[in-house]
Number of protein chains: 2
Amino acid sequence: MRDVAIVGIGITKFGEHWNSGLKELITEAGIKAVEDAGISGKDIQLIIGGSMSSGLFVGQEHTGALFTDYLGLNPVPAIRTEAACASSSVALFTGVMAIQSGRYDCVVVGGVEKMTDVYGNLATTALAGAMDRDNEAHFGLTFPGVYALMAQRHMYQYGTTREQMAMVAVKNHENAMHNPNAQFHRKITVEDVLNSPLVSDPLRLLDCSPIADGAAALIIVPAEHAKKYTDTPVYIRASAQASDTLGLYMRPDITTVGATISAVQNAYRQAGLRPGDIDFAEVHDCFTINEIIATEDLGFCRKGEGGNLVQSGDTMIGGRIPVNTSGGLKAKGHPVGATGAAQVVELVEQLRGEAGGRQVSGAENGLAHNVGGSGSTVVVHIMSRNRK
Amino acid sequence: MRDVAIVGIGITKFGEHWNSGLKELITEAGIKAVEDAGISGKDIQLIIGGSMSSGLFVGQEHTGALFTDYLGLNPVPAIRTEAACASSSVALFTGVMAIQSGRYDCVVVGGVEKMTDVYGNLATTALAGAMDRDNEAHFGLTFPGVYALMAQRHMYQYGTTREQMAMVAVKNHENAMHNPNAQFHRKITVEDVLNSPLVSDPLRLLDCSPIADGAAALIIVPAEHAKKYTDTPVYIRASAQASDTLGLYMRPDITTVGATISAVQNAYRQAGLRPGDIDFAEVHDCFTINEIIATEDLGFCRKGEGGNLVQSGDTMIGGRIPVNTSGGLKAKGHPVGATGAAQVVELVEQLRGEAGGRQVSGAENGLAHNVGGSGSTVVVHIMSRNRK
């Protein structure tokens, strides 16, 4: 199997783009990625694009063909992948296979979502499609509700505090100050979080990632070709995906995400690395509690100590294991189908040493952790500045 | 690159399943495929499932995780692919790459759609997501309208007659009489078609494929392992996909589907076969005119002669090139996300010699042609009883 490298990245600003639809967003991200890789459209052989719910948000399915058409690349084949908020990490997982198959030497992987100013359906309705519609959403459970249940149990079982959850949001807003593409450029305090409106107890407004419009794209090639394109390729050391029950209510323990553990164990094995070898990580902080759970499940601390980890400062830039240097879903924004690809854009910028005011010094190995639904799909990628 | 073979198939009856949702449909098709291959769940390493618009139809996205969960296969990774009515052929195209990558040795590929008794949105609304929402559907164009435009132009340019289109429906209803899984078991006449209600001039009700519920699944493995599973594997000789503009209005010629021509040329090249080597084909007769256009674009007759081809009887079982022996989308039914996989189920049954009253005698090579939207995505597979 061939190794795979990333030689180009493109991303839009995340936020409310009232003058841009799917077409404008993917075109901007795609063209930036093509320009970053120094290639032309003729080089592209396959397109794989994630989008969670373009049908419910804007009435547009068939977004693979839309990608190809609006990037001017017909008749290049296009695959849309969907796995809720992990849609574009699944696109990358699929793209890695496409390169490994030997069939394609240059693939565009990306993701997009248009969630504001939408067509008929509110975000809460569409996002509920990521959980078990029949057995959860139908009875009134919402996504903040799902993660509130996990938070309540985590607080009960491990003593995680309300303040520790708030510290996740404070850190990620601070990091986003240095990310020009982030949705929010506003420092917040623990008190701001604790005084923000209650959404689903114990989660408050500032515990929740915002809805957003945005797109991100990556150009991937066989590792042995990478230096033809750039002096600073980023190598994909592991691409791993796992599934768990669609419904949260079917799980034996809701303080952990089993698919994260399956995926990350596989990823560490593929990469030949351990948690201590990871220099920084982008993790799926759709709600603050989920960053705490993720840092435990990924092995950055022991189970139940994720709250203490953020409180210790170890996950800040300059700490032992910086988490969500981009601002995370919380402050960078969370256009769901674009989030996985955007996490990887952050990994690439850090590993190239191009992350500016949020640069992790000496970053050699980064990890991206993207969750669909309440953890029914988890994708973990590990990337490195060096090939092995 | 490894060759790929199909060693198991499963399909539900197509039609109105008022007591079955997505979960029941995929479970039935998946378990039948597993039983047909003589494997157990533990053998399955990856799931790739197509669904066009489960979000709009039943409020459920994240259908990959749903597949894995309800087939009892967690933590096996799952990818949902979407390309409108070609969603599950894109799943197979992706599955072929997964086997070719060397990473997986046993993959379930399938598709599902639940279109009747649905959640809030009418089929016409959801299906319009396969075309250009902003520039076509927004102005009132529907899918019958798209194909009516193609039919009008084909009649004008090539003299194709209303009666020839009706003959497509008559043939496919006749074929479906021998397919126990078909939605319709009712012979019709040319007069029935011509007297059926006008939907979008010149297309009448009996020119249109019906909406349906259904699912289909395939078990694919490396060709060199196939004989371990079955004495009658079917070999995938070509897997090709191409894209064209999302909107019909952007095309220079609407009597042809450019992506069909791109994909089939690639497929013939991969297989080392020519149109004359194909013994039978399943083609995308979402509307009768599209079977006529497809037989031309696939090279079974010259451009403009598709109407004469069906009139000649050459596409009947026993004719020179039987088309839609299963009953086609027209009479077998068209649960959009399941259709591509269902076409392949028919190829496998024919190539195994298990097609009963609709068997094409001596079938060695079959072709499946699956269209998304008005031809924005086309996937062509060629399969054979023998490996080369």
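Predicted model, so just to flag it, every value in this text is computed and none were measured. (Residues numbered from 1 in each chain as written. Chains lettered and ligands numbered in written order. Predicted model: local features only at pLDDT ≥ 70, side-chain atom pairs only at ≥ 80, totals over all residues. Heavy atoms only, no water.)

S.K.: Just to check I follow, could you spell out the overall build of chain A for this structure?
M.R.: Looking only at helices and strands, one finds 14 helices and 11 strands in chain A. Relative to the globule expectation of 21 Å for 388 residues, the C-alpha radius of gyration of chain A, 19 Å, shows essentially globular dimensions. When its C-alpha atoms are laid out on the principal axes, chain A stretches across 55 × 45 × 40 Å. By the burial criterion, 69% of the 388 residues in chain A qualify as buried. (Helix = DSSP H or I, 4+ residues; strand = E, 2+ residues; numbered from the N terminus. Rg over C-alpha atoms; globule rule 2.2 N^0.38 Å. Buried < 20%, exposed > 50% of the residue type's maximum accessible area, 1.4 Å probe, protein only.)

S.K.: Sorry if this is basic, but what is going on with the nonpolar core here?
M.R.: One broad rule of soluble globular proteins: the nonpolar side chains tend to lie buried together. Counting residues in hydrophobic clusters, the biggest one holds 176 residues, and the most contacted among them are Y147 and I382 of chain A together with Y147 and L367 of chain B. What L367 of chain B contacts, discounting residues up to four positions off in sequence, is V264, Y268, I278, F280, A281, E282, L298, F300, L347, V380, H381 and I382 of chain B. (Core = buried A, V, L, I, M, F, W, Y, C linked by side-chain atoms within 4.5 Å. Contact = heavy atoms within 4.5 Å.)

S.K.: Explain the packing of aromatic side chains here, please?
M.R.: For any pair of aromatic rings, the description consists of the separation of the ring centres together with the inter-plane angle of the planes. Applying the stated criterion across every chain, the model contains four aromatic pairs over all chains. Three or more aromatic residues joined by ring pairs make a cluster, and in this case those are F143, Y147 and F287 of chain A. (Phe/Tyr/Trp six-rings, centres within 6.5 Å; stacked < 30°, edge-to-face > 60°.)

S.K.: Would you mind showing me how to read the pattern of salt bridges here?
M.R.: Pairs can form between side chains of opposite charge once their charged atoms are near each other. Residues and elements named next belong to chain B. Taken as a whole and judged by the stated rule, the model has 46 salt bridges over all chains. Here R358 and E346 are joined by a salt bridge, their closest N and O atoms 2.7 Å apart. On the criterion of sequence distance, the pair formed by R358 in the loop between α14 (336-352) and β10 (365-372) and E346 in helix α14 is long-range, its members being 12 residues apart. R358 gets classed as buried once you look at its relative accessible area, which sits at 3%. Notably, a salt bridge pairs E354 with R352, separated by 3.5 Å at the nearest N-O pair. (Salt bridge = Lys/Arg side-chain N within 4 Å of Asp/Glu carboxyl O.)

S.K.: Which parts of the structure should I look at to understand the interface of chain B and chain A?
M.R.: Interface size is commonly expressed as the accessible surface area that is lost when the partners come together. Counting residues at the interface gives 63 residues for chain B and 63 residues for chain A. The junction of chain B with chain A conceals about 4,700 Å² of combined surface from both sides, 50% of it contributed by carbon and sulfur atoms. Put simply, D134 of chain A and K23 of chain B hold a salt bridge, and the shortest N to O gap is 3.4 Å. At the boundary of chain B and chain A, one finds 38 residue pairs in polar contact (both at pLDDT 80 or more). Elements with a contribution of two residues or more to the side of chain B that touches chain A: α2 (54-58), α3 (63-70), β3 (78-82), α4 (87-100), β8 (234-243) and α10 (258-271) of chain B. Along the lines of polarity and charge, the residues of the side of chain B that touches chain A split into 27 nonpolar, 26 polar and 10 charged. Bridge analysis of strand β3 (residues 78-82) of chain A against β3 of chain B gives three bridges, and the strand direction is antiparallel. Counterpart to E82 of chain A in the pairing with β3 of chain B is R80 of chain B. (Buried area = accessible area lost by both parts, 1.4 Å probe. Polar contact = N/O pair within 3.5 Å; in protein donor to acceptor, adjacent residues only side chain to side chain. Nonpolar A, V, L, I, M, F, W, Y, C, P; charged D, E, K, R; others polar. Pairing = 2+ DSSP bridges.)

S.K.: It is not clear to me how the domain arrangement of chain A should be interpreted in this structure. Could you clarify?
M.R.: Residue and element names in this part refer to chain A. Along its sequence, chain A is carved into domain 1 (4-119 + 211-229) and domain 2 (130-209 + 237-384). Domain 1 and domain 2 are separated by 23 Å when their C-alpha centres are compared. Here domain 1 meets domain 2 over a buried area of about 2,600 Å², counting both sides, of which 66% is carbon and sulfur. Summed over the shared surface of domain 1 and domain 2, the result is one salt bridge. The residue D36 makes a salt bridge to R352 at a minimum N-O spacing of 2.8 Å. If you list the elements that add at least two residues to the side of domain 1 that touches domain 2, you get β1 (4-11), α4 (87-100), β4 (107-113) and β7 (214-222). The greatest single-element share of the side of domain 1 that touches domain 2, amounting to seven residues, is contributed by α4. (Domains from an automatic or database assignment.)

S.K.: I would appreciate a short explanation of the packing of helix α7 (residues 162-176) of chain B against helix α11 (residues 288-297) of chain B in the present structure.
M.R.: When two helices pack together, their arrangement is given by the angle between the helix axes and the distance between those axes. Residues and elements named next belong to chain B. Interaxial distance between α7 and α11 falls to 8 Å at its minimum, and their mutual angle equals 95 degrees. Compared by their axis directions, α7 and α11 come out roughly perpendicular. On α11, the residues touching Q164, M165, V168, A169, K171 and N172 of α7 are T288, I289, E291 and I292. (Axes fitted to C-alpha atoms, helices over the stretch in contact; angles between N-to-C directions. Parallel < 35°, antiparallel > 145°, perpendicular 65-115°, else oblique.)

S.K.: Would you mind showing me how to read α3 of chain B here?
M.R.: Because the α-helix completes a turn every 3.6 residues, residues three or four places apart line up on one side. Residues and elements named next belong to chain B. Where burial is concerned, most of α3 is hidden: seven out of the eight residues are buried. Inspection of α3 places T63, G64, A65, L66, F67, T68 and D69 among the buried residues, and these make up the whole buried set. G72 sits one or two positions beyond α3 and adopts a positive phi of about 75 degrees.

S.K.: I tried to follow α4 of chain A on my own but got confused; where do I start?
M.R.: Residue and element names in this part refer to chain A. Relative to the 20 Å expected for 14 residues at 1.5 Å per residue, α4 spans 20 Å between its end C-alpha atoms, a close match to the ideal helical length. With 14 of 14 residues buried, α4 lies mostly within the body of the structure. After α4 finishes, the residue G102 shows a positive phi value of roughly 85 degrees. (Expected span 1.5 Å × (residues − 1).)

S.K.: Help me understand the relation of the copies chain B and chain A, please; the structure alone is not making it clear to me.
M.R.: Put simply, the two copies of the chain differ by a rotation about an axis and a shift along that axis. Mapping chain B onto chain A leaves a residual RMSD of 0.0 Å; the transformation is a rotation of 180 degrees accompanied by 0.0 Å of translation along its axis. The operation mapping one copy onto its partner corresponds to a two-fold rotation axis. When each C-alpha of chain B is compared by its distance to the rotation axis, S101 of chain B comes out closest, at 1.8 Å. (Least-squares fit on C-alpha atoms with pLDDT ≥ 70 in both.)

S.K.: Looking at this structure, how should I read the environment of P197 of chain B?
M.R.: Residue position: P197 of chain B is located in the loop between α8 (190-195) and β5 (198-200). Apart from residues no more than four positions distant in its own chain, P197 of chain B is found in contact with R204 and L205 of chain B.

S.K.: Honestly, the side chain of N179 of chain A in this entry has me stumped. Any pointers?
M.R.: Residues and elements named next belong to chain A. Mapped onto the secondary structure, N179 falls in the loop between α7 (162-176) and α8 (190-195). By relative accessible area, which is 5% here, N179 ends up buried. Reaching out from N179, the side chain makes a polar contact with the backbone nitrogen of N181 at a distance of 3.0 Å. A distance of 2.9 Å separates the side chain of N179 from the backbone oxygen of S326, its partner in a polar contact. N179 has contacts with H185, S326, K332, E346 and R358, leaving out every residue within four places of it along the chain.

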